[in-house]
Amino acid sequence: MIITRFAPSPTGTLHIGGVRTALFNYIYAKQNNGKFLVRIEDTDQVRSKTEFEENIITGLHDMGLKPDADPVRQSERKHLYLDAAHRIIESGQGYYCNCSTERLEELRNAQMKAGKKPMYDGKCRDKGLEKSENTVLRLKTPNDGEVRFNDLVRGEVVFNNSELDDLILLRSNGTPTYHLCVVVDDADQGVTTVIRGEDHLSNTPRQMHIQQALELSALEYAHLPLVLGENKKRLSKRDSVTSLDEYISKGYLQTSMINMLGRLGWSKGDKEIFYIDDLLKDFRIQEVQKAGAVFDLKKLDWINTNHLANLSLEDFIIQLNPYLDELGIKTSNRQNAETIIENLRTTASTLSEIAIDLIPYFADIKEYDQKSVEKFIAGSKNILEYVLRQLEPLDQWTEQALDEVLAKCQKELDLKTPQLNQPIRVALVGSVKSPSLGLTLSLIGKELSLERIKKGLEMTF
Ligand code: GLU
């Protein structure tokens, strides 16, 4: 059975590169009727935080990437790593090394000066040192030959053993290193396939050496291309939003994030809109590209627009509600709340922006756009007064009736459409952003519309 795992380090909130890794692991497992597991790699006691772990688990859950077993935590499994280290010593495949940090530093500097790759020179390899408080445990890595593996994304990958030094398995304080933990855990969890970021590619031959020393079976690997920012550099917190939470709080749908991330490094012809079921059907890990994949915000906006449009009105409202709540907007005070939302659901590409655009329909205008006020309202006293007089007696406050009144006003005042409409629009919603004017008036209702036009008049000179 195929078993994959997502192995985040809880040193920060769940970032979108991580979600993509989790997604590909999830899909590959499900496509093969396998299992998707999660392992919290919290051995860095200083940087690992419970709140990050919670954030990661919740984020995966919200993305629908539910693991098939409870996540395990490396911090609770030290005995397994020590057992494995013990087996390596017993089988003569490890050795204790007491080289001082100063010596290692000098060695490193000398190698760098000579234009060589810095690596441990194996000084203690055949010394047969005993364990002490100054010793680390190193793996005896073969000096010759090569490590080969078939990467599902990159094809055949070869590393020369001569490029790999004798890596440390246990530190002098007895704690296991990352490489040892990963190998032990993957075996213990029954993992068959490691799908992770390309930044781990050079770790793979090292981990394979540990596997061989422990007589564990070889795993299948897929190293995913880096997620790049729009500057084509590795996506980083410094110049982009990387945290999943932030995208959700901006009002990108969970399904849009899945769509966007599923397309990061993989495509299927011209098809752009995918839901998880499509990915489960169409995604092929072997089709993932090697080149870095750009996380393009405009693309995400476009994807979100499509996913929002695909929601029924009822589902759209369910998704929108938290964003309205956030703004303190109550829709229950308007009888035509659903009609308003239906007509404004395409004003923007994210739910938080749509919620902001809805403010004038459910609450007082928070802020008038000053430029629009100056440009359209300030000098429009006559227009607003005239329109107000025409609208006041109107009984039938329907879009059609309003359109007729507006057309009449336009003709009588001899104005172009925007000359008439923009001042009224700014008075009604505080900006020039609203649907057609007749519709806007009808949605806002007679009483409030007249009140706002009067308020607009106060801003004229
Ligand atoms: N904990 C590692 C990371 O967060 C992942 C290790 C792995 O996938 O093997 O980058």
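Residues numbered from 1 in each chain as written. Predicted model: local features only at pLDDT ≥ 70, side-chain atom pairs only at ≥ 80, totals over all residues. Heavy atoms only, no water.

Asker: Just checking my understanding: could you explain the overall build of the protein chain for this structure?
Answerer: Scanning the protein chain for helices and strands turns up 19 helices and twelve strands. Its C-alpha radius of gyration of 31 Å places the protein chain more than 25% over the 23 Å reference for a compact globule of 461 residues. Counting only C-alpha atoms and orienting by the principal axes, one finds that the protein chain spans roughly 100 × 45 × 35 Å. Looking at the protein chain as a whole, 49% of its 461 residues are labelled buried. Looking at the protein chain alone, contacts between residues at least 24 apart form 76% of all its contacts between residues at least 6 apart. Here the protein chain contributes 59 positively and 68 negatively charged side chains, and the mean placements of these two sets differ by 4 Å. (Helix = DSSP H or I, 4+ residues; strand = E, 2+ residues; numbered from the N terminus. Rg over C-alpha atoms; globule rule 2.2 N^0.38 Å. Buried < 20%, exposed > 50% of the residue type's maximum accessible area, 1.4 Å probe, protein only. Contact = heavy atoms within 4.5 Å. Lys, Arg positive; Asp, Glu negative; His and termini not counted. Charge placed at Lys NZ, Arg CZ, Asp CG, Glu CD.)

Asker: I keep staring at empty space enclosed by the protein and nothing clicks. Help me out?
Answerer: All chains considered together, the criterion is met by one cavity of 30 Å³ or more. Size it by volume and the largest cavity reaches roughly 50 Å³. In this structure, the largest cavity is lined by Y96, K131, S132, T135, V136, L137, L170, R171, S172 and G174. When its residues are assigned to classes, the lining of the largest cavity shows four nonpolar, four polar and two charged. (1 Å grid on protein atoms, 1.4 Å probe; cavity = no way out; pocket = protein on both sides within 12 Å on 5 of 7 lines; lining within 4 Å. Points joined across faces, edges and corners; volume = space filled by probe spheres on them. Nonpolar A, V, L, I, M, F, W, Y, C, P; charged D, E, K, R; others polar.)

Asker: Just checking my understanding: could you explain helix 19 (residues 446-458) for this structure?
Answerer: The terminal C-alpha atoms of helix 19, which comprises 13 residues, lie 19 Å apart, in line with the 18 Å expected from a rise of 1.5 Å per residue. Regarding helix 19, the residues found buried are S449, L450, R452, I453, G456 and L457. Taken around the axis of helix 19, the buried residues stretch over an arc of 165°, which confines them to a single face. In helix 19, the exposed residues that point more than 90 degrees away from the buried face are E447 and E458. (Expected span 1.5 Å × (residues − 1). Arc of directions from axis to C-beta.)

Asker: Is there a simple way to explain the sheet that holds strand 4 (residues 94-97) in this structure?
Answerer: The strands making up a sheet associate through hydrogen bonds between their backbones, and the pairing can be parallel or antiparallel. The strand order 4-5-8 describes an open sheet built from three strands, whose pairing is antiparallel. Bordering the open sheet on either side are strand 4 and strand 8 (168-170), each of which pairs with just one other strand. With direction set aside, neighbouring strand axes in the sheet form an average angle of 45°. (Pairing = 2+ DSSP bridges. Axes fitted to C-alpha atoms, helices over the stretch in contact; angles between N-to-C directions.)

Asker: Is there a simple way to think about the pattern of salt bridges in this case?
Answerer: Pairs can form between side chains of opposite charge whenever their charged atoms are close. Tallied over the entire structure, the rule returns 25 salt bridges. Connected through salt bridges with shared partners, the residues R5, R39, E41, R77, D185, D186 and D188 form a single ionic network. (Salt bridge = Lys/Arg side-chain N within 4 Å of Asp/Glu carboxyl O.)

Asker: Can you help me understand the site of the ligand in this one?
Answerer: Inspection of the region around the ligand gives R5, A7, P8, S9, E41, Y178, R196 and H200 as its neighbouring residues. Within the side chain of Y178, an N or O atom sits 3.4 Å from an oxygen atom of the ligand. Here R196 contributes a side-chain N or O atom positioned 2.7 Å from an oxygen atom of the ligand. With the chains in place, 79% of the 300 Å² that the ligand exposes on its own is no longer accessible. Tallied by class, the residues present in the shell around the ligand amount to three nonpolar, two polar and three charged. (Near = heavy atom within 4 Å. Polar contact = N/O pair within 3.5 Å; in protein donor to acceptor, adjacent residues only side chain to side chain. Areas by Shrake-Rupley, 256 points an atom, 1.4 Å probe, with all protein chains shown as cover.)

Asker: Please explain the environment of E198 as it appears in this structure.
Answerer: Note on placement: E198 falls in the loop between strand 9 (193-197) and helix 6 (203-213). With 140 residues separating them along the chain, E198 and E338 place their C-alpha atoms 47 Å apart. Once residues within four sequence positions are removed from consideration, E198 is found in contact with R154, H223, L224, P225, L226 and K290. Within the local environment of E198, its side chain forms a polar contact with the side chain of R154, the two groups lying 3.2 Å apart.

Asker: I would appreciate a short explanation of the pairing of strand 9 in the present structure.
Answerer: Look at any regular strand and the pattern is simple: side chains alternate between the two faces of the sheet. Most of strand 9 is tucked away, with five of its five residues classed as buried. Sheet analysis places strand 9 next to strand 10 (residues 220-224), joined by five bridges and oriented parallel. Its bridge partner lying in strand 10, I195 is registered against A222. A crossover links strand 9 with its parallel partner strand 10, the connecting element being helix 6, and its sense is right-handed. (Right-handed = clockwise from strand over helix to strand, strands pointing away.)

Asker: Looking at this structure, how should I read the layout of surface pockets?
Answerer: Unfilled space is identified by rolling a water-sized probe across the atoms. Roughly 290 Å³ of volume is contained in the second largest pocket. Surrounding the second largest pocket, 16 residues form its lining, R108, P118, M119, Y120 and D165 being those nearest its centre. In terms of residue count, helix 4 (residues 101-113) provides more of the lining of the second largest pocket than any other element does, five residues in total. Of the residues contributing to the lining of the second largest pocket, the split by class is seven nonpolar, one polar and eight charged.

Asker: Just checking my understanding: could you explain the side chain of N25 for this structure?
Answerer: Take N25: it is sitting in helix 1 (residues 16-31). Excluding residues within four positions of it along the chain, N25 makes contact with T4, R5, F36, T193 and I195.

Asker: Teacher, can you tell me more about the packing of aromatic side chains here?
Answerer: In this description, a pair of aromatic rings is defined by centroid distance and the angle of the planes. Using the criterion set out here, one finds seven aromatic pairs in the structure. Seen from their ring centres, F24 and F283 are 4.6 Å apart, and the 45° between their planes marks the pair as tilted. Placement of the pair is F24 in helix 1 and F283 in the loop between helix 9 (276-282) and strand 12 (293-294), with a sequence separation of 259 residues. Accessibility classification places F24 together with F283 in one group, the buried group. Judged by centre distance (5.9 Å) and plane angle (55°), the ring pair of Y247 and Y252 falls under tilted. (Phe/Tyr/Trp six-rings, centres within 6.5 Å; stacked < 30°, edge-to-face > 60°.)

Asker: Can you walk me through helix 18 (residues 437-444) in this structure?
Answerer: Three or four residues apart is the spacing at which side chains of an α-helix point the same way, because the helix has 3.6 residues per turn. The buried fraction of helix 18 amounts to eight of the eight residues, a majority that puts the element mostly inside the structure. Every buried residue of helix 18 is listed here: L437, G438, L439, T440, L441, S442, L443 and I444. Residues of helix 18 that are buried sit in contact with helix 12 (337-344), helix 13 (351-362), helix 15 (381-391), helix 16 (399-413), helix 17 (417-429) and helix 19. Count one or two residues on from helix 18 and you reach G445, which has phi positive near 95°.

Asker: Honestly, the side chain of H179 in this entry has me stumped. Any pointers?
Answerer: Within the element layout of this structure, H179 appears in helix 5 (residues 178-188). Of note is the side chain of H179, whose polar atom sits 3.1 Å from the side chain of Q207. Excluding residues that lie within four positions of it along the chain, H179 makes contacts with L167, N203, R206, Q207 and I210.

These figures come from the coordinates and say nothing about function on their own.
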